[in-house]
Amino acid sequence: QVQLVEFGGGLVQAGESLTLSCTASGTISSIKAMSWYRQAPGKQRELVASITRGGSVNYSDSVNGRFTISRDNAKGTMNLRMNSLTTEDTAVYYCSAEVERYLIKNDYWGQGTHVTVSS
């Protein structure tokens, strides 16, 4: 129904910036909220930022003020601008989309993109 693909991961130095992109395909109009999650080695997947279809955003405390989430509903894309990266930002970042169809909510996930921040 919905397919998600992330782009933009890589290796950067602490203090640098990086932008991640997510492209959705399929029933894009059914997507409600979209989110960026990340999972570091040995840790559970955590929510980084989310954005509603109307553009309301939320950030985790660890990234608030440094990261910016945005989306283009028509294009089915979502971005995460990451500034002032630290080694603690190292993780696999996942794009997620919440789809509601006939009052049933389903979450769709991308394959993940690696972000490694070196000191």
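In what follows, the structure referred to is the one given above.
Predicted, not measured: the structure shown is a model, and the values here were computed from it.

**Q** If you had to explain the overall build of the protein to someone new, which residues and values would you point to?
**A** For the protein, the count of helices and strands is zero helices and eleven strands. In the protein, the succession of α and β elements from N to C terminus is β-β-β-β-β-β-β-β-β-β-β. Along the three orthogonal principal directions, the C-alpha set of the protein runs to about 45 × 25 × 20 Å. The proportion of buried residues among the 119 residues of the protein is 38%. Taking the intrachain contacts of the protein between residues at least 6 apart in sequence as the baseline, contacts between residues at least 24 apart amount to 54%. Accessible area of the protein: about 6500 Å², with a carbon and sulfur share of 48%. Between the mean site of the 11 positive side-chain charges and the mean site of the 10 negative ones, the protein shows a separation of 6 Å.

**Q** A description of the state of the cysteines should follow, citing residues and the corresponding values.
**A** Applying the stated criterion across every chain, the model contains one disulfide. Between the sulfur of Cys 22 and that of Cys 95 lies a disulfide, 2.0 Å long from S to S. Because the torsion about its S-S bond is -70 degrees, the bridge between Cys 22 and Cys 95 counts as left-handed. Taken as a pair, Cys 22 in strand S3 (residues 18–26) and Cys 95 in strand S9 (residues 91–101) lie far apart in primary sequence, 73 residues in all. One exposure class covers both Cys 22 and Cys 95, and it is buried.

**Q** Give a detailed account of the sheet that holds strand S7 (residues 67–72), specifying residues and quantitative values.
**A** Pairing in this open sheet of four strands is antiparallel, and the strands run S1-S3-S8-S7 from one edge to the other. At either margin of the open sheet sits one strand with a lone partner, and together these are strand S1 (2–7) and S7. Mean inter-strand twist for the sheet, computed between neighbouring axes without regard to direction, equals 15 degrees. Bridge count for S1 against S3 is six bridges, and the pairing is antiparallel. Opposite Leu 4, over in S3, you have Ala 24 as the bridge partner.

**Q** Residue-level account of the side chain of Arg 66, with values.
**A** Structurally, the position occupied by Arg 66 is in the loop between strand S6 (57–59) and S7. Polar side-chain contacts of Arg 66 include one of 2.9 Å to the side chain of Asp 89.

Rules and cut-offs
- Throughout, a residue's number is its position along its own chain's written sequence, starting from 1.
- Reporting in this predicted model follows two pLDDT cut-offs: at least 70 for local features of residues, and 80 or more for side-chain atom pairs to be given and counted; totals over whole chains, interfaces and linings ignore these cut-offs and use all residues.
- As a rule here, side-chain values come from all non-hydrogen atoms in the structure, and water together with hydrogens is ignored.
- Helix numbering and strand numbering both begin at the N terminus, where a helix is a DSSP run of H or I of at least 4 residues and a strand a DSSP run of E of at least 2.
- In this scheme, a residue with accessible area under 20% of its type's maximum is buried, one over 50% is exposed, and one in between is partly exposed, where area comes from a 1.4 Å probe on protein chains only.
- Contact definition: two residues touch when any of their heavy atoms are within 4.5 Å.
- In this description, accessible areas are obtained by the Shrake-Rupley approach with a 1.4 Å probe, and a residue is regarded as covered only by the protein chains that are shown.
- By the counting rule applied here, Lys and Arg register as positive and Asp and Glu as negative, while His and the ends of each chain are not counted.
- For the purpose of locating charges, the reference atoms are NZ of Lys, CZ of Arg, CG of Asp and CD of Glu.
- Disulfide assignment relies on a single distance test, namely cysteine sulfur atoms paired within 2.5 Å.
- Only strands joined by at least two bridges in the DSSP assignment are considered to pair.
- Think of each axis as a best-fit line through the C-alpha atoms, taken over the contacting stretch in the case of a helix, with angles from 0 to 180 degrees between the N-to-C directions.
- Each polar contact in these results corresponds to two N or O atoms within 3.5 Å; when the atoms are within protein, one needs to be able to donate a hydrogen and the other to accept it, and residues that are neighboring in sequence are counted only if both atoms are side-chain atoms.

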